[in-house]
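Chains, contacts and geometry: an overview
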Amino acid sequence: MSDPRDELLDVVDEHDRVIGTAPRGEVYRRRLTHRCVMILVRDTEGRIFVHRRSADKLFAPGAHDVFVGGVVGAGESYAEAAVREAEEELGVSGISTEPLFRFLFEEPGYSWFCDVHQARWTGPVAPQAEEIDWHGWLTDAEVADRLTHWEFVPDGREAYRRYLARG
């Protein structure tokens, strides 16, 4: 597997317009605004796929998340990235995603556009061992409880708050 720091990303302005490209490692080091996708995946019982990120992740290692996803590659659309990331992280093929909303996530030293999608998956999953240390399907009530007890990635926490606020 290639080094994720070498992956080429689009750098965007405050209006999500591409203004250049740079390797992911440089984007993170220089705190450049870029793009990511986040996909909330539910099973046939309506439970949410929740996972703990591996300790090797560049951002929020070891934190939990209710979204699968990742950065959008240079020249890639949000929709293409959503399917690619969902399939890679879940270890599946043939998933469809539905876009919900987009927002600019900003935290001291970090800034990226989050394109939030949802999907339903009816089959088994085989998450990437190098990306995910643990996974489970949790009910909405279980997720609400875990949000008060577990460390979650900050952008995922904010995206989930916005998801719930939409009803």
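Look up a bit, the structure's there.
I will try to describe carefully the structure that is included in this document. Sequence order as written defines the numbering, with residues in each chain counted from 1. Under the rules for a predicted model, residues below a pLDDT of 70 receive no local features and side-chain atom pairs below 80 are neither given nor counted, while totals for whole chains, interfaces and linings still include all residues. Water and hydrogen atoms were dropped before computing side-chain values, which therefore reflect all heavy atoms in the structure.

1. Here we look at empty space enclosed by the protein
A pocket, in this scheme, is an open set of points on a 1 Å grid over the protein atoms alone with protein on both sides within 12 Å along at least 5 of 7 lines, while a cavity is a set where a 1.4 Å probe fits but cannot get out; residues line either one if an atom lies within 4 Å of a point. Grid points are joined across faces, edges and corners, and a volume is the space filled by probe spheres set on the points. Counted according to the given criterion, the structure contains one cavity of 30 Å³ or more. By volume, the largest cavity amounts to about 40 Å³. As for the largest cavity, its lining consists of Val27, Tyr28, Arg31, Leu32, His34, Gly109, Tyr110, Ser111 and Trp112. Under the DSSP-based scheme used, a helix requires at least four consecutive residues in state H or I and a strand at least two consecutive residues in state E, with every element numbered from the N terminus. Of all the secondary-structure elements, those providing two or more residues to the lining of the largest cavity are α1 (24-30) and β8 (110-120). Here the lining of the largest cavity gets three residues from one element, more than from any other, and that element is β8. For this classification, the nonpolar set comprises Ala, Val, Leu, Ile, Met, Phe, Trp, Tyr, Cys and Pro, the charged set comprises Asp, Glu, Lys and Arg, and every other residue, Gly included, is treated as polar. Class assignment of the residues belonging to the lining of the largest cavity gives a composition of five nonpolar, three polar and one charged.

2. Some words on the pairing of strand β3 (residues 34-42)
The cut-offs for exposure are 20% and 50% of the maximum accessible area for each residue type, with area from a 1.4 Å probe on protein chains only; residues under the lower value are buried, those over the upper are exposed, and the others partly exposed. In terms of residue burial, β3 counts as a mostly covered element, since nine of its nine residues are buried. What you see with β3 is no split at all: His34, Cys36, Met38, Leu40 and Arg42 on one side and Arg35, Val37, Ile39 and Val41 on the other are buried throughout. For two strands to be treated as a pair, DSSP must find no fewer than two bridges joining them. Relative to β8, β3 runs parallel, the two sharing nine bridges. If you follow Arg35 over to β8, its bridge partner there is Phe113. Strand direction decides the pairing type here: β3 and strand β6 (residues 68-71), joined by four bridges, are antiparallel. Bridge pairing in β6 places Met38 opposite Gly69.

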